[in-house]
Amino acid sequence: MAHTVCSEGIVEQIHGDEVHVRLLGAEACGGCKAHGHCTASQAGGRKVTVRSDETYQVGDRVEVSASGGVAARALWLAFGLPLLLLAGVVVACQALVGNEKTAALAALGSLAVYYLLLYQLRGKVSKAVTLQIRRKY
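Since the structure is predicted, the reported quantities are computational estimates derived from the model, not experimental observations.

J.: What exactly am I supposed to notice about the sheet that holds strand S5 (residues 132–135) here?
T.: Whenever strands of a sheet pair, they do so through backbone hydrogen bonds, lying parallel or antiparallel. An order of S3-S2-S1-S4-S5 is seen for the five strands of this open sheet, with the pairing classed as antiparallel. The sheet is open, and its two edges are formed by strand S3 (47–51) and S5, each paired on a single side. For this sheet, the mean angle separating the axes of adjacent strands, direction not counted, is 45 degrees. Across seven bridges, the pairing between strand S1 (residues 4–15) and strand S4 (residues 61–67) is antiparallel. By the bridge assignment, Gly-9 is partnered in S4 with Val-62.

J.: Before we go on, may I ask you to explain the confidence of the model for the chain in this structure?
T.: The predicted coordinates of low-pLDDT regions are not to be read in fine detail. When the pLDDT values of the chain are averaged, the result is 81; 82% of them are 70 or greater. The secondary structure element of the chain with the lowest average pLDDT is helix H3 (residues 122–128), at 79, and the one with the highest is helix H2 (residues 100–120), at 95.

J.: Hey, could you run me through the side chain of Asp-60 in this one?
T.: Structurally, Asp-60 can be placed in the loop between S3 and S4. Within the local environment of Asp-60, its side chain forms a polar contact with the side chain of Arg-135, the two groups lying 2.7 Å apart. When near neighbours in sequence (up to four residues on either side) are disregarded, Asp-60 contacts Gly-9, Ile-10, Val-11 and Arg-135.

J.: Can you help me understand the packing of aromatic side chains in this one?
T.: Counted by the stated rule, this structure contains one aromatic pair. On the numbers, 5.3 Å between centres and 75 degrees between planes, the contact of Tyr-114 with Tyr-115 is edge-to-face. Taking the relative accessible area as the measure of exposure, Tyr-115 reaches 37% and is therefore partly exposed. Of note, Arg-122 hangs over the ring of Tyr-119, and the distance from its end group to the ring centre comes to 4.0 Å.

J.: What is the right way to read the pattern of salt bridges from this model?
T.: A side chain with one charge may pair with a side chain of the opposite charge, provided their charged atoms come close. Applying the stated criterion across every chain yields a total of seven salt bridges. Glu-8 is paired through a salt bridge with Arg-61; the nearest N and O atoms lie 2.3 Å apart. Taken together, the positions of Glu-8 in strand S1 and Arg-61 in strand S4 put the pair 53 residues apart, joining distant regions of the chain. On the basis of relative accessibility, which here comes to 22%, the residue Glu-8 falls in the partly exposed class. For Arg-61, a relative accessible area of 36% puts it in the partly exposed group. Between Lys-47 and Glu-12 there is a salt bridge, with its nearest N and O atoms 3.5 Å apart. With Lys-47 in strand S3 and Glu-12 in strand S1, this pair connects stretches of sequence that are 35 residues apart. On the basis of relative accessible area, Lys-47 is assigned to the exposed category, the value being 60%. Residue class for Glu-12 comes out partly exposed when judged on its relative accessible area of 31%.

What counts and what doesn't
- Residues numbered from 1 in each chain as written.
- Predicted model: local features only at pLDDT ≥ 70, side-chain atom pairs only at ≥ 80, totals over all residues.
- Heavy atoms only, no water.
- Pairing = 2+ DSSP bridges.
- Helix = DSSP H or I, 4+ residues; strand = E, 2+ residues; numbered from the N terminus.
- Axes fitted to C-alpha atoms, helices over the stretch in contact; angles between N-to-C directions.
- pLDDT = per-residue confidence, 0-100.
- Polar contact = N/O pair within 3.5 Å; in protein donor to acceptor, adjacent residues only side chain to side chain.
- Contact = heavy atoms within 4.5 Å.
- Phe/Tyr/Trp six-rings, centres within 6.5 Å; stacked < 30°, edge-to-face > 60°.
- Buried < 20%, exposed > 50% of the residue type's maximum accessible area, 1.4 Å probe, protein only.
- Lys NZ or Arg CZ within 6 Å of the ring centre and 35° of its normal.
- Salt bridge = Lys/Arg side-chain N within 4 Å of Asp/Glu carboxyl O.

Here it is, written out as structure tokens:
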């Protein structure tokens, strides 16, 4: 059985086949002790764009989902690779230059370049990291 990550949301805008959805916070989060530290409870401010052939109206309640593999790929691109890059650049610069400040600045610069490159390749990344949408009744 494939695991999926689901979030409920409301359609805010529609442009052609792109549906812009504002994700809602989880209803059960209010009583949770980790409410202030959990990203699931802070989803109310997040917006996602999902491609769909179905017709939606602004205000429709929908469920946005991603398979576990897609979610893992997105997490890897957003956090895993940058962490490895950061650590690798710090170690390499420290070994080559021997100056901690230079190593730290080079590592931060490499992160800036990585995220800029990721932004430039967002079209390809969006094809690899796809979301599904379905109407919530």
